[in-house]
Amino acid sequence: MHILVPNLGSTSLKYQILDMPGEHVLASGRFERVTDYRSAIGDIRSGDTTVDAVAFKSVHAGPHYRGTFVIDEGVEAAMREFLLAAPVHNAIYLTAVEAFREAMPGVPLVGAFETEFHRTMPDFARFYGVPADWRTQFGIERYGFHGASHEFISGRAPEFLGRPKDELRTISCHLGGSSSICAIDRGVSVDTTMGFSPQSGLENATRHGDLDVFAVLYMMDRNNWSTEEVRGQLARTSGLAGLSGIPCGDVRDISAAAQAGSQDAQLALDVFTYQVRKTIGAYTAAMGGVDAVVFTGGIGENSPVLRRKSCEGLLHLGIELDAERNEKGQGDRLLSSDSSRVKVLALAANEEIVVARRAYRALTASA
Ligand SMILES: Nc1ncnc2c1ncn2[C@@H]1O[C@H](COP(=O)(O)OP(=O)(O)O)[C@@H](O)[C@H]1O
Ligand SMILES: CC(=O)OP(=O)(O)O
Ligand SMILES: [Mg+2]
């Protein structure tokens with residue numbers, strides 16, 4: 001079965017066509033700094049390969065769809081309902097569903113929701129202190145996202161280290177256009193930084209990270225802003241963009257501006273790496289120790305400077321980078337020094353393979 005997986009990130013489009021269940025890659029490609037997703041989808045090239053199904057790393061459809069489903073009216077309606085919680089991401093995937101229905105009529109579309117991997121979080125990590133009916137009637141809780149990436153790392157880190165999965169406590173730092181960290185205790189997610197929406201936790205390119213909700217209410221009351229106004233500002237002009245003043249929030253541009261002397265750009269990088277550092281400490285406590293810290297995603301794989309700043313001062317946890325390994329070298333590799341008790345790794349994200357596996361399971365189970 002040939003499964004096309006378009007990974008529609010908040011800043012990029014990567015795709016693979018995989019022959020399942022053998023996992024042979026038939027075609028692949030990537031576009032960066034994407035703003036027009038319909039046009040980028042039109043640029044996907046499958047060569048002469050046929051496509052039997054299209055599977056998405058779809059983001060949010062609430063409490064009833066924390067798994068992998070053929071996208072029918074019910075799934076699409078839930079994605080629409082949760083557009084309020086994930087305005088940037090769900091809009092992209094709703095556009096994609098429409099585009100593929102038009103381009104490939106009759107080909108099944110599958111949603112492998114990013115929330116699936118975090119179903120294992122214990123209740124004390126999952127629930128917020130809100131009135132009981134917010135939780136029981138409206139599904140207000142921590143869902144967590146980037147599930148495909150963190151699930152991939154949950155298998156890849158032990159494989160790379162040659163250690164059994166059920167012995168390893170891993171902190172997976174997916175840093176990219178959107179960023180999240182996951183505590184993976186012996187293969188399962190036990191906590192993650194994104195919450196009810198992919199708008200919380202670490203700062204993202206143009207979306208805020210953790211923020212006191214009363215600051216939002218205060219600004220709305222003071223300025224007479226509508227929810228639409230605030231949602232737009234927090235989704236499109238906040239995060240690294242808001243801190244640095246660089247509208248795209250791309251770390252390549254922010255790093256260059258910081259090097260050229262911009263204090264705002266430097267502040268953005270300082271805020272971001274402080275959060276990563278602090279979270280590594282928190283998740284070490286959450287798991288009662290840590291064996292591996294993994295950097296993945298566009299920033300995690302490609303920015304030695306941000307990795308260095310994220311690991312600074314963590315020697316007391318047994319985390320020590322090797323400067324040369326961190327600065328030089330490419331691909332999947334060890335970044336920590338030989339004396340570092342915790343292994344620090346850079347591993348390339350492969351969310352597409354996780355989505356293809358899940359979609360293949362869902363399609364063959366329903367056949
Ligand atoms: N060479 C690089 N150095 C530093 N940051 C990079 C580099 N390449 C990409 N990035 C960062 O990674 C982000 C893209 O991350 P990625 O995980 O691919 O995207 P998405 O969030 O769209 O899925 C860019 O916005 C940029 O901030
Ligand atoms: C939450 C999520 O999947 O984010 P992105 O696609 O931007 O990496
Ligand atoms: Mg991504």
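Residues numbered from 1 in each chain as written. Chains lettered and ligands numbered in written order. Predicted model: local features only at pLDDT ≥ 70, side-chain atom pairs only at ≥ 80, totals over all residues.

## Focus on the domain arrangement of the protein chain
Each assigned domain of the protein chain is listed with its residue range as follows: domain 1 (2-144) and domain 2 (163-346). Between the C-alpha centres of domain 1 and domain 2 the distance comes to 22 Å. Top contributing element to the side of domain 1 that touches domain 2 by residue count: helix H3 (residues 87-103), with 3 residues. Residue composition of the side of domain 1 that touches domain 2, grouped by class: 11 nonpolar, 8 polar and 3 charged. (Domains from an automatic or database assignment. Helix = DSSP H or I, 4+ residues; strand = E, 2+ residues; numbered from the N terminus. Nonpolar A, V, L, I, M, F, W, Y, C, P; charged D, E, K, R; others polar.)

## Quick look at the site of ligand 1
Around ligand 1, 16 residues are found, and the nearest of them are Gly9, Gly176, Gly177, Gly298 and Asn302. For the shell around ligand 1, the secondary structure elements donating two or more residues are helix H10 (251-259) and helix H12 (297-302). In terms of residue count, H12 provides more of the shell around ligand 1 than any other element does, 4 residues in total. When residues of the shell around ligand 1 are assigned to domains, at least three fall in each of domain 1 (2-144) and domain 2 (163-346). (Near = placed C-beta within 6 Å.)

## Remarks on the site of ligand 2
The immediate surroundings of ligand 2 are formed by Gly9, Ser10, Val59, His89, Glu114, Phe145, His146, Gly176, Gly177, Ser178 and Pro198. A breakdown of the residues in the shell around ligand 2 according to their chemical character gives 3 nonpolar, 7 polar and 1 charged. Counting residues domain by domain, the shell around ligand 2 receives three or more from each of domain 1 (2-144) and domain 2 (163-346).

## Some details on the sheet that holds strand E10 (residues 292-296)
Sheet strands pair via backbone hydrogen bonds, and the direction of the pair is either parallel or antiparallel. Taken together, the 6 strands give an open sheet; going across it, the order is E9-E8-E7-E10-E12-E11, and neighbouring strands pair in mixed fashion. Here the strands that pair on one side only, and so sit at the sheet edges, are strand E9 (188-192) and strand E11 (333-334). Here strand E7 (residues 169-174) runs beside strand E8 (residues 180-185); their pairing, made up of 6 bridges, is antiparallel. Bridge pairing in E8 places Thr170 opposite Ile184. (Pairing = 2+ DSSP bridges.)

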